[in-house]
Amino acid sequence: MKIQVLAAGFAVLALGACTTTDPYTGQSKLSNTAGGALIGGGGGAIAGALIGGATGGDARVGALIGAGVGALAGGAIGNYMDQQEAELRAQLQGTGVSVTRVGDNIILNMPSNITFDVDQSAVRPEFRSTLTSVALVLQKFNKTVVDVYGHTDSTGSEAHNLELSRARALAVSNVISANGVDPRRFYIDGRGESQPIASNATESGRAQNRRVEIQITPLRG
């Protein structure tokens, strides 16, 4: 079952890409298609609720538009996301967080070795400033929704890994929300070991699989 955790405020109210080189980090990234035409960290800015999927009738869209956040349309989408991507790359340079552009979406990949201690869900104190930088950009570009996914390697039981991935995603979301980002924008999901991006047969592969991903999607009317 997929778990969706909506923000506390919302719970109360409702209860063709080529590879290019990043000039900032030297990392390869997908170029923009033409046209466009987080529990252990304290605070608890986001409360949990079991709801449906993130796609199809996303309750966040109606809530945000109803609250006066303007939606994007047409060519404005690509330009808006271009600007947001550039600011994220500048803010996250040298932090270990990768920024990838896929169409109109932006994906931030946060390896667990820089975000959490082993088998823990509390965000490391030294990583909080990085999440604060992410929050600053998300505040400025508020016409987006934010999906946060926790992932683990296959070490340990499947149940434990799922719980840990959910707790880590929630902890990251809590820190960002506590730094002024509207919690109604968030969707939090723990994926456990179910979506590896590398082989779990090697330590380097397992390290890649232990991560939190943030997907930033334009708010379309």
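Please refer to the structure placed before this passage.
Residue numbers run consecutively from 1 along every chain, following the written order of its sequence. Selection of residues for local features in this predicted model requires a pLDDT of at least 70, selection of side-chain atom pairs for listing and counting requires 80 or more, and totals for whole chains, interfaces and linings are taken over all residues. The basis for every side-chain value is the complete set of heavy atoms in the structure, and neither hydrogens nor water enter the calculation.

Caption draft 1: Focus on the overall build of the chain. Here a strand is any run of E in DSSP of at least two residues, a helix any run of H or I of at least four, and the numbering for each starts at the N terminus. When you go through the chain residue by residue, the secondary structure sums to seven helices and seven strands. Put simply, the chain runs from its N terminus to its C terminus through helices and strands in the order α-β-β-α-α-β-β-α-α-β-α-β-α-β. When the 221 residues of the chain are sorted by exposure, 43% land in the buried category. Throughout, the Shrake-Rupley method with a 1.4 Å probe supplies accessible areas, and for residues the shown protein chains are the sole cover considered. Carbon and sulfur atoms provide 54% of the accessible area of the chain, an area that totals close to 9,800 Å². The classification of residues rests on relative accessible area computed with a 1.4 Å probe and restricted to protein chains. Under 20% of the type maximum is buried, over 50% is exposed, and intermediate values are partly exposed.

Caption draft 2: Focus on the nonpolar core. Among the buried residues, those of types Ala, Val, Leu, Ile, Met, Phe, Trp, Tyr and Cys that are joined through side-chain atoms within 4.5 Å form a nonpolar core. Ranked by size, the top nonpolar core spans 34 residues in total, and within it Leu-108, Met-110, Val-148, Val-172, Ile-176 and Ile-214 carry the most contacts. At the level of elements, helix 3 (75-92), strand 4 (105-111), helix 5 (128-140), strand 5 (144-151), helix 6 (158-178), strand 6 (186-190) and strand 7 (211-218) are the ones that each hand at least two residues to this core. Looking at this core element by element, the count peaks at six residues for helix 6. The contact definition used throughout considers only heavy atoms, calling two residues in contact when any of these lie within 4.5 Å. Once residues within four sequence positions are removed from consideration, Met-110 is found in contact with Val-97, Thr-115, Phe-127, Leu-131, Val-134, Val-172, Arg-211, Val-212 and Ile-214.

Caption draft 3: Geometry of helix 6. An expected span of 1.5 Å times one less than the residue number is assigned to each helix. Taking 1.5 Å of rise per residue, 21 residues should cover 30 Å, and helix 6 covers 30 Å from first to last C-alpha, within 8% of that figure. In the segment just after helix 6, Gly-180 is the residue with positive phi, at about 95°.

Caption draft 4: Expanded view of the packing of helix 5 against helix 6. Note on geometry: axes are lines fitted to C-alpha atoms, helical ones only across the stretch in contact, with angles between N-to-C directions running from 0 to 180 degrees. Packing of helix 5 against helix 6 brings their axes to within 8 Å, and their N-to-C directions diverge by 60°. Compared by their axis directions, helix 5 and helix 6 come out oblique. In this structure, helix 5 meets helix 6 at a crossing whose hand is right-handed. Seen from helix 5, the contacting residues are Arg-128, Leu-131, Val-134, Ala-135 and Leu-138; seen from helix 6, they are Val-172, Val-175 and Ile-176. We call Asp, Glu, Lys and Arg charged. Ala, Val, Leu, Ile, Met, Phe, Trp, Tyr, Cys and Pro are nonpolar, and the rest, Gly among them, are polar. Across the contact of helix 5 with helix 6, the residue classes break down as seven nonpolar, no polar and one charged. Each angle receives one of four descriptions, namely roughly parallel if under 35 degrees, roughly antiparallel if over 145, roughly perpendicular if within 65 to 115, and oblique otherwise. Each crossing is labelled by how the near helix is turned from the far one, with a counterclockwise turn of less than a right angle marking it left-handed and a clockwise turn marking it right-handed.

Caption draft 5: Layout of the side chain of Gln-84. Checked against the element boundaries, Gln-84 lands in helix 3. Residue Gln-84 is classed as buried on the basis of its relative accessible area, which comes to 0%. When neighbours within four sequence positions are excluded, Gln-84 is seen to be in contact with Ile-106, Val-137, Leu-138, Phe-141, Thr-144 and Ile-216.

Caption draft 6: Layout of the sheet that holds strand 3 (residues 98-102). Pairing between two strands requires that DSSP report at least two bridges joining them. In space, the five strands of this open sheet follow the order 3-4-7-5-6, with mixed pairing throughout. Edge positions in the sheet fall to strand 3 and strand 6, since each has one partner strand and no second. Between one strand axis and the next, the sheet turns by 20° as a mean value, whatever way the strands run. For strand 4 and strand 7, the ladder comprises six bridges, and the chain directions are antiparallel. Bridge pairing in strand 7 places Met-110 opposite Val-212. Seen against the sheet, helix 3 touches strand 3, strand 4, strand 5 and strand 7 and runs at an angle of roughly 165° to strand 3. Against the sheet, helix 6 touches strand 4, strand 5, strand 6 and strand 7, its axis set at about 155° to strand 6.

Caption draft 7: Focus on the pattern of salt bridges. Any Lys or Arg side-chain nitrogen located within 4 Å of an Asp or Glu carboxyl oxygen qualifies as a salt bridge. Across all of its chains, the model carries 14 salt bridges by this definition. A salt bridge links Asp-58 to Arg-60, with the nearest nitrogen and oxygen atoms 2.6 Å apart. Glu-203 is the partner of Arg-210 in a salt bridge, and the nearest nitrogen-oxygen pair spans 2.9 Å. With a relative accessible area of 22%, Arg-210 lands in the partly exposed category. Judged by relative accessible area, Glu-203 falls into the partly exposed class, the value being 44%. Among the charged side chains, a network of salt bridges with common partners joins Asp-82, Glu-85, Arg-89 and Arg-101.

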